[in-house]
Amino acid sequence: MKITVLTLFPEMFAPLKESIIGRAVGAGKLQIDIVNIRAFAENKHSKCDDYPFGGGSGMVMMPQPIGSAILTVDPEHRARRIYLSPKGETFRQSKVYELLNYEHLVLLCGHYEGIDQRVIDLFIDEEISVGDYVLTGGELPAMVVCDCVARYVEGVISNGSLVDESFASGSLEYPQYTRPAEYMGLKVPEVLLSGDHKKIDEWRENESKKITALRRPDLLDK
């Protein structure tokens, strides 16, 4: 899979070079291109924002630099073009699986008061929000989408690790423990030390249901 991110602040994406995602990119299992929108501005000072028509506070990203960037990285519109926006559909695990069907994703990061609506009307396939809150820009949401989707690209993470995760199975994950068997007076549940895999599976399933019922009962309703 290829993910292209369009942003005014490419330096913010350094975390994608680290850990699991960074290793996957280095191994060629995944391609992530960070593209600076400012490089496509056709004015003298590479300006990418201006005052909104009708007045109001803040600045709005201009259509020309964004449109030129999109047409350069995806000239034939073969990619799924996504604008990270608080007005978009809430990002959920089901959307992660949906996006895996595309070979190329283009993620557009807004900033300031947002982007000119004509960019959305002309170039964008869908808008995605990572939650009911407002951030200073679309860079952090774009990293969230990159991380979530990349983990499911073949060869990035073992399949077994992906199956047992929160939300992947429709519920929250059971508690996890490692050595030592006792820490500050708290012991690992005996069943996990028993070697009886059937009982361990039953314990994990029950714990998962209990945690989900307590913290996210809406998942059980689904």
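Position numbers for residues count from 1 along each chain, tracking the sequence in the order it is written. pLDDT decides what is reported in this predicted model: residues at 70 or higher carry local features, side-chain atom pairs at 80 or more are listed and counted, and totals for whole chains, interfaces and linings draw on all residues regardless. Where side-chain values are given, they derive from all heavy atoms of the structure, hydrogens and water being excluded.

(A) A look at the pattern of salt bridges. Salt bridge, as used here: a side-chain nitrogen of Lys or Arg that lies within 4 Å of a carboxyl oxygen of Asp or Glu. For the coordinates displayed, the defined rule picks out eleven salt bridges. Across the pair Glu-98 and Lys-95 runs a salt bridge, and its minimum N-O distance is 3.1 Å. Of this pair, Glu-98 and Lys-95 both sit in helix H3 (residues 93-99), three residues apart, which is roughly one turn of the helix. Residue exposure (1.4 Å probe, protein chains only): buried if accessible area is under 20% of the type maximum, exposed if over 50%, otherwise partly exposed. A residue is classified by how much of its surface remains accessible, and Glu-98, at 33% relative accessible area, is partly exposed. Residue classification places Lys-95 among the buried residues on the basis of a relative accessible area of 5%. Helix and strand labels come from DSSP, where a helix needs a run of H or I of at least four residues and a strand needs a run of E of at least two; each type is numbered from the N terminus.

(B) Structural context of the side chain of Thr-212. The topology assignment puts Thr-212 in helix H7 (residues 197-215). A relative accessible area of 0% places Thr-212 in the buried class.

(C) Spotlight on helix H1 (residues 19-26). Where H1 is concerned, the buried positions are Ile-21, Gly-22 and Ala-24. Along H1, the residues classed as buried sweep out an arc of 160° about the axis, all on the same side. Away from its buried face by more than 90 degrees, H1 exposes Arg-23 and Gly-26. Looking at the buried positions of H1, the neighbouring elements they touch are strand E2 (31-36) and helix H5 (139-150). Throughout, the arc means that of the directions going from the helix axis to the C-beta atoms. Working rule for contacts: check all heavy atoms of both residues, and any pair within 4.5 Å makes them a contact.

(D) Local environment of unusual backbone geometry. The peptide bond linking Arg-179 to Pro-180 adopts the cis configuration, its omega dihedral lying at 5°. Structurally, the position occupied by Pro-180 is in the loop between helix H6 (159-163) and strand E8 (182-183). Even without a glycine there, the phi angle at His-77 is positive, about 55°. With respect to the helices and strands, His-77 occurs in the loop between helix H2 (63-73) and strand E5 (80-90). A residue is classified by how much of its surface remains accessible, and His-77, at 38% relative accessible area, is partly exposed.

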